[in-house]
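Architecture at a glance
In case you want the letters, here they are:
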Amino acid sequence: MNNGELHCGICGSSRLTPVAQLRIEGKHDRLRLKFPRPSAFKLRPTFDVDFARACLDCGALLPFLSDVDLKRLNEDAAEGLSGYDT
């Protein structure tokens, strides 16, 4: 199944919408990926989810990070973010 086609992580369908902006109304209402605080004196690594696809068969929402947040996530992962198990 490595033909480059994206599939729904829930039902396996390939019927997904194009990527769209994920808009949540409200100034402080954001969908965020948050990791535990790495130490007492460091902030929690947090990444905003800005885009999503929807599955046309089961309705699952597949969120995506922006290019900027994906780059930050990869930089943080290189610094040991992958050690979390929660």
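I will try to describe carefully the structure that is included in this document. (Residues numbered from 1 in each chain as written. Predicted model: local features only at pLDDT ≥ 70, side-chain atom pairs only at ≥ 80, totals over all residues. Heavy atoms only, no water.)

Focus on the layout of surface pockets
Here the second largest pocket defines a volume of roughly 170 Å³. Gln21, Leu22, Arg23, Ile24 and Arg30 are the residues nearest the centre of the second largest pocket, which is lined by 13 residues in total. The leading source of residues in the lining of the second largest pocket is strand 3 (residues 46-54), at three residues. Here the lining of the second largest pocket is built from residues that sort into five nonpolar, two polar and six charged. (1 Å grid on protein atoms, 1.4 Å probe; cavity = no way out; pocket = protein on both sides within 12 Å on 5 of 7 lines; lining within 4 Å. Points joined across faces, edges and corners; volume = space filled by probe spheres on them. Helix = DSSP H or I, 4+ residues; strand = E, 2+ residues; numbered from the N terminus. Nonpolar A, V, L, I, M, F, W, Y, C, P; charged D, E, K, R; others polar.)

Quick notes on the nonpolar core
Of all hydrophobic cores here, the largest spans six residues; its members are Leu22, Phe47, Val49, Ala52, Leu65 and Leu73. Ranked by the residues each element gives to this core, the list is headed by strand 3, at three residues. (Core = buried A, V, L, I, M, F, W, Y, C linked by side-chain atoms within 4.5 Å. Buried < 20%, exposed > 50% of the residue type's maximum accessible area, 1.4 Å probe, protein only.)

Describing the environment of Ala52
One can find Ala52 in strand 3. Residue class for Ala52 comes out buried when judged on its relative accessible area of 6%. C-alpha of Ala52 to C-alpha of Leu62: the two residues are ten residues apart in sequence and 5.3 Å apart in space. When residues no more than four places from it in sequence are discounted, the contact partners of Ala52 are Pro18, Val19, Ala20, Leu22, Leu61, Leu62, Pro63 and Phe64. (Contact = heavy atoms within 4.5 Å.)

Structural notes on the pattern of salt bridges
For the structure shown, the criterion picks out three salt bridges. A salt bridge links Asp48 to Arg32; the shortest N-O distance between them is 2.8 Å. Of this pair, Asp48 sits in strand 3 while Arg32 sits in strand 2 (residues 32-34), placing them 16 residues apart in sequence. Among the residues examined, Arg32 registers a relative accessible area of 39% and is labelled partly exposed. (Salt bridge = Lys/Arg side-chain N within 4 Å of Asp/Glu carboxyl O.)

Regarding the environment of Ser14
As for its position among the elements, Ser14 is in the segment before strand 1 (20-21). Of the residues examined, Ser14 reaches a relative accessible area of 36% and is grouped as partly exposed. The spacing of Ser14 and Cys55 is 41 residues in sequence and 7.9 Å in space, taken between C-alpha atoms. Within the local environment of Ser14, its side chain forms a polar contact with the side chain of Glu5, the two groups lying 3.2 Å apart. (Polar contact = N/O pair within 3.5 Å; in protein donor to acceptor, adjacent residues only side chain to side chain.)

Side note on the pairing of strand 3
Two faces, one strand: in a regular strand the side chains alternate between the faces of the sheet. Two elements, strand 1 and strand 3, share two bridges in a ladder whose sense is antiparallel. Following the sheet pairing, Gln21 is matched in strand 3 by Phe51. The sheet contact formed by strand 2 and strand 3 spans three bridges and is antiparallel. When the bridges of strand 3 are listed, Leu33 appears paired with Phe47. Of the strand pairs in this sheet, strand 3 and strand 4 (residues 61-65) are connected by five bridges, and their pairing is antiparallel. In the sheet register, Phe51 faces strand 4, and the bridge partner there is Phe64. In this antiparallel pair of consecutive strands, strand 3 and strand 4, the connection spans six residues, and Gly59 shows a positive phi of 85°. (Pairing = 2+ DSSP bridges.)

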